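Single-letter residue listing:
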Number of protein chains: 2
Amino acid sequence: MTPRRPTGDELVEMLAALANPLRLRIVAQLAVVGRDYVSHLAREIGISRPLLHMHLQRLEAAGLIVGSLELSEDGKAMKFFEVADFDLHLSAATLAEAVATLTPPDSDKGPSHKERS
Amino acid sequence: MTPRRPTGDELVEMLAALANPLRLRIVAQLAVVGRDYVSHLAREIGISRPLLHMHLQRLEAAGLIVGSLELSEDGKAMKFFEVADFDLHLSAATLAEAVATLTPPDSDKGPSHKERS
DNA sequence: TTCACGTGTCAGAACTTTCTTACACATGAA
DNA sequence: TTCATGTGTAAGAAAGTTCTGACACGTGAA
């Protein structure tokens, strides 16, 4: 089944995660090959491992990919990633809906909790 | 009719334009009220006019809204904006397709290299 | 021990985005 | 003229993103 519709904030995070050519490539690559581990994927795409690590984190935080740390036969820890099941529909109407669940614009002038000491 | 499917680069630009709560609000507001001019929209949303101007530019460049400069009855130049007709479908499969039309990663050196698994 | 492979993280440079404040120009009405 | 309305742009601060080049840790094999 398809996952539930994201909140406005979640949608922004997903869009931000996808709004980058490198991350789009990463998702596409995982979509094609099914799953892969970090070092190999970095070689495949042609970027440094720390850089890929950063992008994978962003994609995973947005819920677009999922990772799992596994042990290979020769005892190495390997982190595999695959694409999550997502399906976003973006039109003026759906965006208007999502905006309704967006965190209100920063108004820390108002009386809220204990902000500072 | 629905507009043609964007290239990878265009898609990235559209996603980047939407990946911002303020711009999402702008699109939503225009979707609801139909059309509006810059100064009024700024008051409506509660941000400065120069700031709105910048966001509108970004949205228009991405093809998500369209603007037209008109003359009011009392002779003032007024720039009206409305949402464009867009309808994006984002899933692992459609993203993989879009990536195929993405500008190749910056390779001002050696030519492409056969990748191996 | 050393090497080849895997994992992760940190610091800083370079760049981009976001936002404010200030300026310039136009019009019609008082 | 001055005020209130509309348009646009530019400079610079602040914050965020992207990327490289170390570093630290693990394993199994030579």
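Check the entry above for the structure.
Because the structure is predicted, anything quoted here is derived from the model rather than measured.

Trainee: Would you mind going over the protein's contact with DNA strand D in detail, with residue names and values included?
Mentor: By nearness alone, 22 residues border DNA strand D, and A:Asn20, A:Asp74, B:Ser39, B:Arg43 and B:Arg49 come closest of all. Among atoms of DNA strand D positioned within 4 Å of the protein, sugar and phosphate together represent 65%. In the model, a phosphate oxygen of DNA strand D is placed 3.5 Å from a nitrogen or oxygen of the A:Ser48 side chain. B:Tyr37 places a polar side-chain atom, nitrogen or oxygen, 2.9 Å from a phosphate oxygen of DNA strand D. With four residues, the top contributor of residues to the surface near DNA strand D is helix 4 (residues 49-61) of chain A. For the surface near DNA strand D, the class distribution of residues is eight nonpolar, six polar and eight charged.

Trainee: So what's going on with the interface of chain B and chain A? Residues and values would help.
Mentor: The partner chain A presents 30 residues to the 31 residues of chain B that form the contact. Counting the surface lost from both chain B and chain A, the interface buries some 2600 Å², and carbon and sulfur atoms represent 74% of this. Together, B:Leu24, B:Arg25 and B:Leu90 form the three largest contributors to the area buried by chain B at its contact with chain A, with a combined 21%. Applying the counting rule to chain B against chain A returns zero salt bridges. Summed over the shared surface of chain B and chain A, the result is six residue pairs in polar contact (both at pLDDT 80 or more). Mapped by element, the contributors of at least two residues to the side of chain B that touches chain A are helix 1 (8-18), helix 2 (21-33), strand 4 (87-91) and helix 5 (92-99) of chain B. It is helix 2 of chain B that contributes the most residues to the side of chain B that touches chain A, six residues altogether. Looking at the side of chain B that touches chain A, its residues break down into 22 nonpolar, five polar and four charged.

The rules behind these values
- Residues numbered from 1 in each chain as written.
- Chains lettered and ligands numbered in written order.
- Predicted model: local features only at pLDDT ≥ 70, side-chain atom pairs only at ≥ 80, totals over all residues.
- Heavy atoms only, no water.
- Near = heavy atom within 4 Å.
- Polar contact = N/O pair within 3.5 Å; in protein donor to acceptor, adjacent residues only side chain to side chain.
- Helix = DSSP H or I, 4+ residues; strand = E, 2+ residues; numbered from the N terminus.
- Nonpolar A, V, L, I, M, F, W, Y, C, P; charged D, E, K, R; others polar.
- Contact = heavy atoms within 4.5 Å.
- Buried area = accessible area lost by both parts, 1.4 Å probe.
- Salt bridge = Lys/Arg side-chain N within 4 Å of Asp/Glu carboxyl O.

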